[in-house]
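Here is how the chains run, residue by residue.
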Amino acid sequence: MNEVTAEKLFSGPIGEEYEMLKRICPAAADMSRRVGEFVAGWIPKVSTESLNLVELGCGTGVTTMNLIRARSDAMITAVDNESTMLSQARRNLAGVLEHGRLRLIENDALSYLQGVPSASIDVVASAYTLHNFLNGYRVRVLEEIFRVLKPGGVFVNGDRYALDDSLTHLQSTQEEVRQYFRTFTELNRIDLLEQWIVHLFSDESPDHVMPLDKGLGAMREIGFDAVTVHFRQDVNALVSGGKPWP
Ligand SMILES: C[S@@+](CC[C@H](N)C(=O)[O-])C[C@H]1O[C@@H](n2cnc3c(N)ncnc32)[C@H](O)[C@@H]1O
């Protein structure tokens, strides 16, 4: 597989029963709230009537809902490359879709961004999506995020960033595996246990894993400024970076 290929890791049972994530990773719902909170508090350099906001990997719409609540002045384009996830998002966000402030697009993040004009977006937001990417593809997506942001615009990402100390990271991953076993044996869902363990192998593979230091370094190398970690708990981190304002 090519390093810049978009993968589809949520087509099967994991995507169909995505609400299980709440049980094995309660931190994810909290992170969606934090992404919304960050965007709510973000002040554009130039005041504008309507913010252009892009969400990458909207999934079933959990973070999207937080973004909608965060800013009544935002036009949101939420992108995902899995029809299973988008059909759930369409149901969960039906009321919001009617108001015309949100559109859902089925495309992979890189292809979508490549079609967006330079310096046209105020905010790019994402939650638990970039860690799924192959390393080469992730760098290309970050470069495109930087290109499409307006000067002074911001990228905010609440995601799974591997711990920089590999032994501590290993222990944290082992604890996650135990949590998966506890949850899915209690629910008698060995089928889902298998799927989530397989998924974790993908997250943890050298081709995908996203250590925090490396992730921040990649953003700085591309040109993001004020790259900041706002929150860190185990592997979960809320990170933002700005496109420099002239
Ligand atoms: C772990 S889920 C997170 C969903 C959502 N952001 C949330 O906070 O609940 C990751 C999502 O990213 C999507 N995704 C993965 N790779 C993608 C890509 N290359 N382009 C667009 N979406 C992608 C998956 O389909 C999935 O819906």
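It should be noted that the structure appears before, not after, this text.
So, a few notes on the structure that sits alongside this text. Within each chain, residue numbers correspond to sequence positions counted from 1 in written order. In keeping with the predicted nature of the model, local features appear solely for residues at pLDDT of at least 70, side-chain atom pairs appear and are counted solely at 80 or more, and the whole-chain, interface and lining totals rest on all residues. Only hydrogens and water are removed before side-chain values are computed, so all heavy atoms of the structure are retained for them.

## Quick word on the overall build of the chain
Line of reasoning, step 1. Put simply, DSSP marks the helices as runs of H or I at least four residues long and the strands as runs of E at least two long, and each gets a number from the N terminus on. When helices and strands are tallied, the chain shows 11 helices and seven strands.
Line of reasoning, step 2. Relative accessibility decides the category of a residue: with a 1.4 Å probe and only protein chains considered, values under 20% of the type maximum give buried, values over 50% give exposed, and everything between is partly exposed. The buried share of the chain, reckoned over its 246 residues, is 52%.
Line of reasoning, step 3. Within the chain, residue pairs in contact and separated by at least 24 positions form 77% of the contacts whose partners lie at least 6 positions apart.
Line of reasoning, step 4. When the accessible surface of the chain is summed, it comes to about 11300 Å², and 53% of that surface belongs to carbon and sulfur atoms. Residues are treated as being in contact if the distance between any of their heavy atoms lies within 4.5 Å. Per-residue and other accessible areas follow the Shrake-Rupley method at a 1.4 Å probe size, with only the shown protein chains counted as cover for residues.

## Digging into the site of the ligand
Line of reasoning, step 1. Surrounding the ligand, one finds 23 residues, the nearest of these being G57, T63, D80, A109 and A127.
Line of reasoning, step 2. Polar contact is the term for a pair of N or O atoms within 3.5 Å; when the atoms are in protein, one must be able to donate a hydrogen and the other to accept it, and sequence-neighboring residues count only if both atoms are side-chain atoms. Contact distances for the ligand include 2.7 Å between a nitrogen atom and a backbone N or O atom of G57.
Line of reasoning, step 3. Within the backbone of A109, a nitrogen or oxygen atom sits 2.8 Å from a nitrogen atom of the ligand.
Line of reasoning, step 4. Computed on the free molecule, the ligand has an accessible area of 600 Å², of which 97% lies beneath the protein chains in the complex.
Line of reasoning, step 5. Charged residues are taken to be Asp, Glu, Lys and Arg, nonpolar residues to be Ala, Val, Leu, Ile, Met, Phe, Trp, Tyr, Cys and Pro, and polar residues to be all remaining types, Gly included. Considering only residue class, the shell around the ligand consists of 11 nonpolar, eight polar and four charged. Think of it this way: one heavy atom of a residue within 4 Å of a molecule or strand is enough to make that residue near it.

## Topic: the pattern of salt bridges
Line of reasoning, step 1. Salt-bridge detection follows one rule: a side-chain nitrogen of Lys or Arg within 4 Å of a carboxyl oxygen of Asp or Glu. Under the definition given, this model contains 15 salt bridges.
Line of reasoning, step 2. Of the charged contacts, one joins R33 and E37 as a salt bridge, the two residues approaching to 2.6 Å between their closest N and O atoms. Here the residue R33 and the residue E37 both occupy positions in helix α3 (residues 26-41), the gap between them amounting to four residues, near one helical turn.
Line of reasoning, step 3. Under the relative-accessibility criterion, E37 is labelled partly exposed at 47%.

## Here's the deal with the packing of helix α8 (residues 135-148) against helix α11 (residues 212-222)
Line of reasoning, step 1. Angular values range over 0 to 180 degrees, each being the angle between N-to-C directions of two axes fitted as lines to C-alpha atoms, with helices fitted over their stretch in contact. Here α8 crosses α11 at 45°, and the two axes come no closer than 10 Å. Considering the angle they form, α8 stands oblique to α11. Both α8 and α11 take part in a crossing whose hand is right-handed. For the pair formed by α8 and α11, the contact residues are V139, L142, E143 and F146 on the first element and A218, M219 and I222 on the second.
Line of reasoning, step 2. For the contact of α8 with α11, the per-class residue count stands at six nonpolar, no polar and one charged. Every angle not falling under 35 degrees, over 145, or within 65 to 115 is termed oblique; those three ranges are roughly parallel, roughly antiparallel and roughly perpendicular. Crossings are sorted by hand: turned counterclockwise from the far helix by less than a right angle, the near helix makes the crossing left-handed, and turned clockwise it makes it right-handed.

## A short note on the packing of aromatic side chains
Line of reasoning, step 1. To pair, rings of Phe, Tyr and Trp, with the six-membered ring standing in for Trp, must have centres within 6.5 Å; the planes then decide the type, stacked if under 30 degrees apart, edge-to-face if over 60, and tilted in the middle. Going through the model one piece at a time under the given rule, you end up with five aromatic pairs.
Line of reasoning, step 2. Relative to F224, the ring of F146 has its centre 5.1 Å away and its plane inclined at 75°; by these criteria the two rings are edge-to-face. Of the two residues, F146 is situated in helix α8 and F224 in the loop between α11 and β6 (225-233); the sequence distance between them amounts to 78 residues.
Line of reasoning, step 3. When its relative accessible area of 4% is taken as the criterion, F224 is described as buried.

## A look at the sheet that holds strand β7 (residues 236-242)
Line of reasoning, step 1. Pairing within the open sheet is mixed, and its seven strands lie in the order β3-β2-β1-β4-β5-β7-β6. Looking along the sheet, the strands with just one partner apiece sit at the ends: β3 (102-106) and β6. The sheet shows a mean angle of 15° between the axes of neighbouring strands, direction not considered.
Line of reasoning, step 2. Against the sheet, helix α4 (residues 62-70) contacts β1 (51-56), β2 (74-80), β3 and β4 (121-127), and its axis sits at roughly 165° relative to β1. Two strands make a pair as long as DSSP finds a minimum of two bridges between them.

## A short note on α11
Line of reasoning, step 1. Residues of α11 that are buried include every one of L212, G215, L216, M219 and I222, and no others. Projected down its long axis, α11 shows its buried positions confined to an angular sector of 125°, all on one face. Across α11 from its buried face, at more than 90 degrees, point the exposed residues D213, K214 and E221.
Line of reasoning, step 2. Elements that come into contact with the buried residues of α11 comprise α8, β5 (149-160), β6 and β7.
Line of reasoning, step 3. Of the residues trailing α11, G223 is marked for its positive phi of about 125°. Think of the arc as the fan of directions from the helix axis to the C-beta atoms.

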